[in-house]
Every structure is written in C-alpha cells, then in structure tokens.
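Below, each chain spelled out in residue letters.
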Amino acid sequence: SGSGGMRRTLRFIGQGAFAGLTDELSYASLPDATVDQLRQGVARQIALGLARYVARTASGSDLILRRPESTTSTPVVAGSVIDPWDSWVFNLNGNVYAQGEKSYSSLYANGSVGANRVTEAWKANASARLNYNEQQFDGSLNATRGYSGRGLVVKSLTDHWSAGASASVSSSTYSNIRLDLSVAPAVEYNLFPYAESTRQQLRFLYRLNLSHTRYEEVTIYGKLRETLPSQSLEVSLGLQQPWGTVNMSIDGRNYLTDFRKYRVSADGGFSIRLIKGLSVEIYGEYSRIRDQLSLRQAGLSPADVLLRQRQQATSFSYSTSIGLRYSFGSIYNTVVNPRFGN
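Below, the structure is looked at part by part. (Residues numbered from 1 in each chain as written. Predicted model: local features only at pLDDT ≥ 70, side-chain atom pairs only at ≥ 80, totals over all residues. Heavy atoms only, no water.)

**Notes on unusual backbone geometry**
Excluding glycine, residues mostly carry a negative phi; peptide bonds, for their part, are mostly trans. Although it is not a glycine, S87 sits at a positive phi angle of roughly 70 degrees. Structurally, S87 can be placed in the loop between α1 (35-54) and β3 (88-100). The class of S87 is partly exposed, set by a relative accessible area of 28%. A positive phi angle, close to 65 degrees, is found at N176, a residue other than glycine. Within the fold, N176 resides in the loop between β7 (161-172) and β8 (177-190). (Helix = DSSP H or I, 4+ residues; strand = E, 2+ residues; numbered from the N terminus. Buried < 20%, exposed > 50% of the residue type's maximum accessible area, 1.4 Å probe, protein only.)

As structure tokens, then:
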C-alpha cells in the first residue's frame, strides 16, 4: 500500500449449496504492524466474510453480531482526517554484512533512501541506493562499487489505462559504467480493471527510453561515451484462483539505432493443486542477450573471472526450479508442541 504496509484481499467463493454467492473483503495493515496484529486483523475479516454463509445455515439463528463496548481506535472515514504528510511515506535503510576465514574475507555494505506517494489518481516514488562489495583472497583485494537513483510518476487515466514517465541515474564498476542517465515516458494497458489486480491482471507496458552513458574503460565497440534511444514492451500476467496461482512476464527491448542489439527475457512460475494434497510448483527464467554495450575492450584478469568482479560476455542466462508437494494423513490434529523447535 501507499503507506508501506500491506492490503490483503480475501475473496469468498461459494461452493455447493452456496454456489454463486461470492464476496470480497480487504484488510489494510500499518507498515509497523506486528505478526499478532496482522493475525487478528485477517481473522476478523474472515469471520465477517463467513457470517453471510453461516446466516444461511441451520446455525444461522444462533449467530450473534456484537460490537465491543469500548475501543482504543477511532474509525477513519475517507476525507475526515487531515494527513500532515499528504500521503508521502519515507524510508531509510542500511546494512553491513561481513564474513571470513584465515585466507578469505568479504564485506558487503549498502544504504538506500526512498520516498513514495500513492493515491487513486497518482503514483509517485523516488529512491537512491549506494553499495560496496569487496573480497580478499590471500591478501589480494577486489572490490566493486555502485550507486543508483530512480524516479517514477504515473497518472491513472481510466480503469484500464495509465501513463507515466521515469528517470534514472546509475554507476557500476562491475558493469564498466561511470555514469548512466536515462529518461523514459511510458503507457500501460490492463486487460482487466485495475481494481481486480489482486485476483487477475494482464498488463501491456510500452516504454521509449533515451540514455546517455559514460564508461570507465573503452568498450568492445571502442566507445567511452554514447547517447542511444531504445524501446521496450513488457507483458505481465498474474492470476490468483482457487486452483492455484500463475505469474508470468515477457520483456523485449532493443536499441532503435541497431535492431540487432536487443534483449528478450521471459520468466514465470505457477503453483497448481493437482489433486487433494498434491500440488506442483514450477519456476523458470530465460534471457536472450544481445545488448552488452558496456563490456570492457581489455581482457579480464583471472581474479575478475573467478570472483565475478567484472561483467563477462554472454549470449543467454537462465534459472529454473520444479517441485512437488504431497501431504496426507490426519486433518484433525490441531495440537501445537513447540518443544525443541520445529
């Protein structure tokens, strides 16, 4: 949600005698909510959602709805509260991670700052990030550094259309980029209304991008700097249904000055319940890479290759996983025994 918390949408789908009786309730939590507060909030919404079904059973006459006599919170009515932050939310993050042994040590540190404002009509966010990564092996030090900043503004046009623009700045010794500046206007169409995005969405996002890049070292194309236009199209599908979940996306981009320099990526995963107790989970990602313009002209040292301190040439990348889960036995044992942990 705009505050940094979560809004959980519960969809009640009638089965058997309740077929066709559906409902939807939402619970919005604060960003600092504890696990116990989340559990109580969701449980309350579940009870409210099930009440209409219980009311249509023989036990319905025994159902009693009661409001607590006293409460520490006041219901918030839209427009009744003046927000001194005007819907803006700010985040500061930082962490350091270190490990080592006699002949090897590594250190990783990063920090970020972000600002977000989300309303029904507008979405705006900005963020900046710094990172440092070093590794030492037998006294030899290898390090990478980088920073990035990004801003995004999106206007809601209709239930299916939106338009916006983004701008970014970045630097990465790993990628041989001293400075990269880019700006990208974009338009998006969702086949389903945005209001149904918690259950189903099929989005088509088209971007035009103009970037100016300065490199740390001369690239394989003999460049120290260049300004290039490019375009991209991303198609994303997300489904949350009783039979399982599906999340897939395809992203294609190319430089307008040379259509032979392109990248096509596809990733997706789904979890489907095949029969009672048995479900299959599959995830995969593949990228066809033909746009590594920032690769160094000079060769890489053995340390750069072994420690992956510098980007290397490749024509593809992939990752995949598949798993089956089957559970059977008693469904009536609700005992919790915390002894010796899990």
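So that's the structure; there's more coming.
**Section: the packing of aromatic side chains**
In the structure shown here, the tally under the stated rule is 7 aromatic pairs. Ring geometry for Y326 versus F328: centroids 5.2 Å apart, planes at 35 degrees, classification tilted. Between K155 and the ring centre of W122, over which it is positioned, the NZ or CZ distance is 5.6 Å. (Phe/Tyr/Trp six-rings, centres within 6.5 Å; stacked < 30°, edge-to-face > 60°. Lys NZ or Arg CZ within 6 Å of the ring centre and 35° of its normal.)

**Some thoughts on the pairing of strand β5 (residues 122-137)**
Pairing of strand β4 (residues 104-118) with β5, which is carried by 15 bridges, proceeds in the antiparallel orientation. Bridging across to β5, G111 finds its partner in L130. Connecting β4 to the antiparallel partner β5 that follows it, the hairpin turn spans 3 residues. Note: β5 against strand β6 (residues 140-156), 16 bridges, orientation antiparallel. Counterpart to N125 in the pairing with β6 is L152. Here β5 folds back onto β6, and the loop between the two strands holds 2 residues, one of which, D138, carries a positive phi near 55 degrees. (Pairing = 2+ DSSP bridges.)

**Description of the environment of S236**
Structurally, S236 is set in strand β10 (residues 225-241). For S236, a relative accessible area of 9% gives the class buried. Along the chain, S236 and F204 lie 32 residues apart, while their C-alpha atoms are 6.8 Å from each other. Look past the residues within four positions of S236 in its chain and what remains in contact with it is Q201, L202, R203, M248 and S249. A distance of 3.2 Å separates the side chain of S236 from the side chain of E234, its partner in a polar contact. (Contact = heavy atoms within 4.5 Å. Polar contact = N/O pair within 3.5 Å; in protein donor to acceptor, adjacent residues only side chain to side chain.)

**Quick notes on the pattern of salt bridges**
Within this structure, the stated rule accounts for 13 salt bridges. Put simply, R39 and D36 hold a salt bridge, and the shortest N to O gap is 2.7 Å. Of this pair, R39 and D36 both sit in helix α1, separated by 3 residues, roughly a single helical turn. Among the ionic pairs, R263 bridges to D291, the shortest N-O distance being 2.9 Å. Taken together, the residues span a long stretch of sequence, with R263 in strand β12 (residues 258-275) and D291 in the loop between β13 (278-289) and α2 (302-307) at a distance of 28 residues. Among the residues examined, D291 registers a relative accessible area of 12% and is labelled buried. Linked by salt bridges that have partners in common, R11, E24 and R199 make up one network. (Salt bridge = Lys/Arg side-chain N within 4 Å of Asp/Glu carboxyl O.)

**Considerations on a nonpolar patch on the surface**
Together, L157, W161, V187, L191, F204, Y206, L208, L233, L256 and F259 make up an exposed nonpolar region whose accessible area comes to about 880 Å². Sort the elements by how many residues they give to the nonpolar patch and strand β9 (residues 200-215) lands first, with 3 residues. Tracing the backbone through its elements, the reader meets L256 in the loop between β11 (244-255) and β12. With a relative accessible area of 34%, L256 lands in the partly exposed category. (Patch = residues over 30% accessible without salt bridge, like charges linked within 9 Å, V, L, I, M, F, W, Y side chains within 5 Å. Areas by Shrake-Rupley, 256 points an atom, 1.4 Å probe, with all protein chains shown as cover.)

**As for the side chain of S232**
Looking at the secondary structure, you find S232 in strand β10. S232 gets classed as buried once you look at its relative accessible area, which sits at 12%. Other than its neighbours up to four places away in sequence, S232 contacts L205, Y206, R207, D251, G252 and R253.

**Brief notes about the sheet that holds β3**
The antiparallel open sheet is built from 12 strands, whose spatial order is β3-β4-β5-β6-β7-β8-β9-β10-β11-β12-β13-β14. Of all the strands in the sheet, the pair left with one neighbour each is β3 and β14 (316-326). Direction aside, the axes of adjacent strands within the sheet are offset by 10 degrees on average. Two strands pair when backbone bridges link them, and β10 and β11 are joined in this way by 12 bridges, in the antiparallel orientation. By the bridge assignment, G238 is partnered in β11 with N247. (Axes fitted to C-alpha atoms, helices over the stretch in contact; angles between N-to-C directions.)

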